[in-house]
Amino acid sequence: MRTYYDIQLGDRTVTKRELAGEDLVKVGRNHIARTLLELGAATVDPLSPANPLIFSAGPFAGSSFSNANRTSVGCKSPLTGGIKEANGGGTFGYGMGQLRIAGFTLHGASPDWVVLHFKKDGSLDFDDARPYLGKGNFEANRMLLARYGKKVATALCGPVGEYQGLIAGIAFTDKDLRPSRLAARGGVGAVLGSKKVKAIVLDLDKIPPFADPKKTNASIKDYSKMLLADGIVTNFYQPLGTMGMADVQNQMGGLPVRNFSAGQLADVKAGETFKMGGQFIAPLNTGRGGEQTHACMPGCVIQCSNVYVDASGKEIVSPVEYETLGLLGSNCGLTDPDDLAGLNEIANDMGVDTIETGATLAVLMEAGLGRFGDAKFMAACLREMMQGTPQGRICAQGTARVGHHYKVRRVPVIKKQAISAYDPRVVEATGISMMATAQGADHTAGNLPRLKTREMDLNALLEQSLIAQINCAATDSLGLCIFGRSVTEPNTEWLANALNGALGTNLTKEFFPALGRETLKLEHEFNRRAGFTEKDDELPEFFYSEPLAPTNHVARFHGQDVHWMYERLPA
């Protein structure tokens, strides 16, 4: 049994309802899509008080069940105009679980800037947020910890979110109390800012009760054992982290380089050194005294995060992730991981999506406002955005709008959201997922980064993408991190039994794909009501007309080819 809060920010009234059983299974993306449809959010102005902002945690939240403490945040996206679910790691979902909170919806807008404080006794305080306004996330979080103590989890609206910049995410504290784990994409931070909520503070308490504690504890232990016996976890995520994908994509030729004008930053086979991937960074970082194997959330044994340090051993940023290396790094022409790490830390302090930010900066470079590889230019742009100068506010509206403002031809977006760090000319199945998903150009909707696709026809690719999308939607609807998919997807019967022990349900293994299919249908229906058509699934023209070195591939598929994908879903 967990509590769901409906919070009316305008008059500060709170309504609570109790959820149990399968209502605690259909959370995350599924709950967000169902709720937004029920509330008629598809046709509202995304930055108006009428846009609900939803926070949701999974059924194992609050425990040490590995990678099960993700927090989903959802609303109508002010960036895309469609549905958005962004999720992040850290301790916020853990804190929700410990307070037995299934989730909460923020309705309306507060008349004054506010900090929401969820307390151990089940009450909710509305505290004055004025002392924290205009502060970077790190300073604001230090002030919050001084005010509320260190046994808390926090969610922050950064300075860019305060003025409703569309690149803004919502920053969650990690287990070391850094506000550096973001629900980043789609402008969810701008929606939090539109509601005048500067921060949300959760008191940490204790592991919540489960229907069968012995079975749940056994499931927690068994899952950790399965993960630690999995080769992808032990040979890739733990030693390299997500940054290892940069090496893979550089080798494949699918890495975004200089505004998606090339697919490879360094020719390793010819003896060039590729410095923007895990194979170079991991030994460099550990040799300096950094942590290359680090958990962002309590209990996670995958530990794909890291703490990156400079040559003197001083922390620069945590973490450096692949998507940041790709979009804020190679896509902007950077070749030195130290430059990237410094910019990453500024972005974390701002509370912005590094994918959207990196793509935006590269478009500025394409427009001739700066040179590719100029880290000083990039830092200056970030400071303008953080300060909210007129130029900074233009840039903070994201890649599509900046490209339109400066009349740039090559703007890598789908549904006005920047394409993730997988060039769709080479990483075709992921490209199809990014085209088809209602979420915008989001690789996490269905990523198949290693799939060899050139011998595959469209139907085979659609099938592979759809399977991945179903599985990712189900994973996101359980509060699980997708990096556990190599274990959970082959073991859905075990997962059903683990949920049954925790919740007292009677699920079978068929629940998992059914949950994913239902989620995709709900999201597609939301976007249909919001006015999306097959034209919104199209890649920008240059992906079709410009061969990508070194593979010389062009995109093969169009929006009309993928738009009807969800009609393939069985009932």
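Enquirer: When you look at the overall build of the protein chain in this model, what are you seeing that I'm missing?
Expert: Tallying secondary structure elements over the protein chain gives 22 helices and 17 strands in all. In terms of C-alpha radius of gyration, the protein chain reaches 22 Å, essentially the compact-globule figure of 25 Å for 571 residues. Each principal axis of the C-alpha distribution contributes one length, and for the protein chain these read about 60 × 50 × 50 Å. Look at the contacts in the protein chain between residues 6 or more apart in sequence, and 69% of them connect residues 24 or more apart. By element, 50% of the accessible surface of the protein chain is carried by carbon and sulfur atoms, the whole surface being about 19700 Å². The average position of the 59 basic charges and that of the 61 acidic charges among the side chains of the protein chain differ by 3 Å.

Enquirer: I would appreciate a short explanation of the packing of helix α1 (residues 28–38) against helix α20 (residues 511–529) in the present structure.
Expert: In a packed pair of helices, the relevant descriptors are the angle between the two axes and the axis-to-axis distance. Running from N to C, α1 and α20 point in directions that differ by 35°, and their axes come no closer than 9 Å. Here the hand of the crossing between α1 and α20 comes out left-handed. Across the interface between the two elements, Arg29, Asn30, Ala33, Arg34, Leu36 and Leu37 from α1 touch Leu515, Glu518, Thr519, Leu520, Leu522, Glu523, Glu525, Phe526 and Arg529 from α20. Tallied by class, the residues present in the contact of α1 with α20 amount to 7 nonpolar, 2 polar and 6 charged.

Enquirer: How do you make sense of the sheet that holds strand β4 (residues 71–76) when you look at a structure like this?
Expert: The strand order across the open sheet built from 6 strands is β2-β1-β6-β3-β4-β5, with neighbouring strands paired in mixed fashion. Two strands in the sheet have a free side with no partner beyond their single neighbour: β2 (13–19) and β5 (83–88). Neighbour-to-neighbour, the strand axes of this sheet turn through a mean angle of 15°, independent of strand direction. Relative to strand β6 (residues 101–107), strand β3 (residues 53–57) runs antiparallel, the two sharing 4 bridges. Note on β6: the bridge partner recorded for Leu53 is Leu106. Running at roughly 25° to β4, α1 makes contact with β1 (2–8), β3, β4 and β5 of the sheet.

Enquirer: Got a minute to help me understand the sheet that holds strand β13 (residues 291–294) in this structure?
Expert: Strand order across the open sheet formed by 3 strands is β13-β14-β15, with antiparallel pairing between neighbours. Every other strand in the sheet has two partners, leaving β13 and β15 (315–317) as the edge strands with one partner each. Adjacent strand axes in the sheet meet at a mean angle of 35°, parallel and antiparallel pairs treated alike. Against the sheet, helix α9 (residues 278–288) makes contact with β13 and β14 (305–309), and its axis sits at roughly 60° relative to β14, the strand it touches most.

Enquirer: Just to check I follow, could you spell out the packing of aromatic side chains for this structure?
Expert: Under the criterion given, the structure shown has 15 aromatic pairs. Seen in terms of ring centroids, Phe236 and Tyr237 are 5.4 Å apart; in terms of plane orientation they differ by 75°. Their pairing is edge-to-face. Here Phe236 and Tyr237 have matching classes, each one buried. One aromatic cluster in this structure is built from Tyr5, Phe55, Phe92, Phe104, Phe118 and Phe172. Positioned over the ring face of Tyr148 is Arg147, at 4.5 Å from the centre of the ring. One cation-aromatic arrangement involves Arg393 over Tyr163; the distance from NZ or CZ to the ring centre is 4.3 Å.

Enquirer: Please clarify how the nonpolar core should be interpreted in this entry.
Expert: Side chains of nonpolar character tend, in soluble globular proteins, to be buried together. Counting residues in hydrophobic clusters, the biggest one holds 138 residues, and the most contacted among them are Leu361, Met378, Met385, Leu478 and Phe511. Excluding its chain neighbours within four sequence positions, the residues that come into contact with Met378 are Leu328, Cys332, Leu334, Leu343, Leu361 and Met365. Residues Ala61, Phe104, Val114 and Phe118 belong to the second largest nonpolar core, which totals 33 residues.

Enquirer: Can you help me understand unusual backbone geometry in this one?
Expert: Negative phi is the rule for most residues except glycine; trans is the rule for most peptide bonds. Cis geometry marks the peptide bond from Ser318 to Pro319; its omega dihedral reads -5°. Of the consecutive residues Ala549 and Pro550, the connecting peptide bond is found in the cis state with omega at 5°. When you line up the elements, Pro550 lands in the loop between α21 (542–545) and α22 (559–562). If you check the backbone angles, Lys407 has positive phi at about 55° while not being a glycine. Mapped onto the fold, Lys407 is located in the loop between α15 (399–405) and β16 (413–414).

Enquirer: Could you clarify how one ought to interpret the side chain of Thr505 in this entry?
Expert: On the secondary structure map, Thr505 appears in the loop between α19 (492–503) and α20. Here Asn500 takes part through its side chain, which lies 2.7 Å from a polar atom of the side chain of Thr505. The residues contacting Thr505, other than those within four sequence positions of it, are Gly21, Glu22, Leu499 and Asn500.

Enquirer: Where do I start with the pattern of salt bridges in this structure?
Expert: Oppositely charged side chains can form a pair if their charged atoms are brought close together. What the rule picks out here adds up to 30 salt bridges. A salt bridge links Asp125 to Lys119; the nearest nitrogen and oxygen atoms lie 3.2 Å apart. For Asp125, a relative accessible area of 26% gives the class partly exposed. A relative accessible area of 27% means that Lys119 is categorised as partly exposed. Arg528 is paired through a salt bridge with Glu525; the nearest N and O atoms lie 2.7 Å apart. Placement of the pair is Arg528 and Glu525 together in helix α20, with a separation of 3 residues, close to one helical turn. Salt bridges sharing partners connect three or more residues here, namely Asp174, Lys175, Asp176, Arg178 and Glu315.

Enquirer: I tried to follow the environment of Val320 on my own but got confused; where do I start?
Expert: Checked against the element boundaries, Val320 lands in the loop between β15 and α10 (322–329). Looking at Val320, the relative accessible area reads 1%, which means it is buried. Counting along the chain gives 91 residues from Val320 to Ala229, while the straight-line C-alpha distance between them is 25 Å.

Enquirer: I would appreciate a short explanation of α10 in the present structure.
Expert: Count 3.6 residues to each turn of an α-helix, and residues three or four apart come out pointing the same way. Burial runs high along α10: 8 of the 8 residues are buried. For α10, the full list of buried residues reads Tyr322, Glu323, Thr324, Leu325, Gly326, Leu327, Leu328 and Gly329. Check the buried side of α10 and you find it contacts α8 (244–252), α9, α11 (337–350), α12 (354–366) and α13 (375–387).

Enquirer: Please clarify how the packing of α10 against α11 should be interpreted in this entry.
Expert: The N-to-C vectors of α10 and α11 enclose an angle of 100°; their axes lie 10 Å apart at closest approach. For the element pair α10 / α11, the angle class is roughly perpendicular. Counted together, Thr324, Leu325, Leu328 and Gly329 of α10 and Leu340, Leu343 and Asn344 of α11 form the full contact between these two elements.

Calculation criteria
- Residues numbered from 1 in each chain as written.
- Predicted model: local features only at pLDDT ≥ 70, side-chain atom pairs only at ≥ 80, totals over all residues.
- Heavy atoms only, no water.
- Helix = DSSP H or I, 4+ residues; strand = E, 2+ residues; numbered from the N terminus.
- Rg over C-alpha atoms; globule rule 2.2 N^0.38 Å.
- Contact = heavy atoms within 4.5 Å.
- Areas by Shrake-Rupley, 256 points an atom, 1.4 Å probe, with all protein chains shown as cover.
- Lys, Arg positive; Asp, Glu negative; His and termini not counted.
- Charge placed at Lys NZ, Arg CZ, Asp CG, Glu CD.
- Axes fitted to C-alpha atoms, helices over the stretch in contact; angles between N-to-C directions.
- Left-handed = near helix turned anticlockwise from the far one by under 90°.
- Nonpolar A, V, L, I, M, F, W, Y, C, P; charged D, E, K, R; others polar.
- Pairing = 2+ DSSP bridges.
- Phe/Tyr/Trp six-rings, centres within 6.5 Å; stacked < 30°, edge-to-face > 60°.
- Buried < 20%, exposed > 50% of the residue type's maximum accessible area, 1.4 Å probe, protein only.
- Lys NZ or Arg CZ within 6 Å of the ring centre and 35° of its normal.
- Core = buried A, V, L, I, M, F, W, Y, C linked by side-chain atoms within 4.5 Å.
- Polar contact = N/O pair within 3.5 Å; in protein donor to acceptor, adjacent residues only side chain to side chain.
- Salt bridge = Lys/Arg side-chain N within 4 Å of Asp/Glu carboxyl O.
- Parallel < 35°, antiparallel > 145°, perpendicular 65-115°, else oblique.

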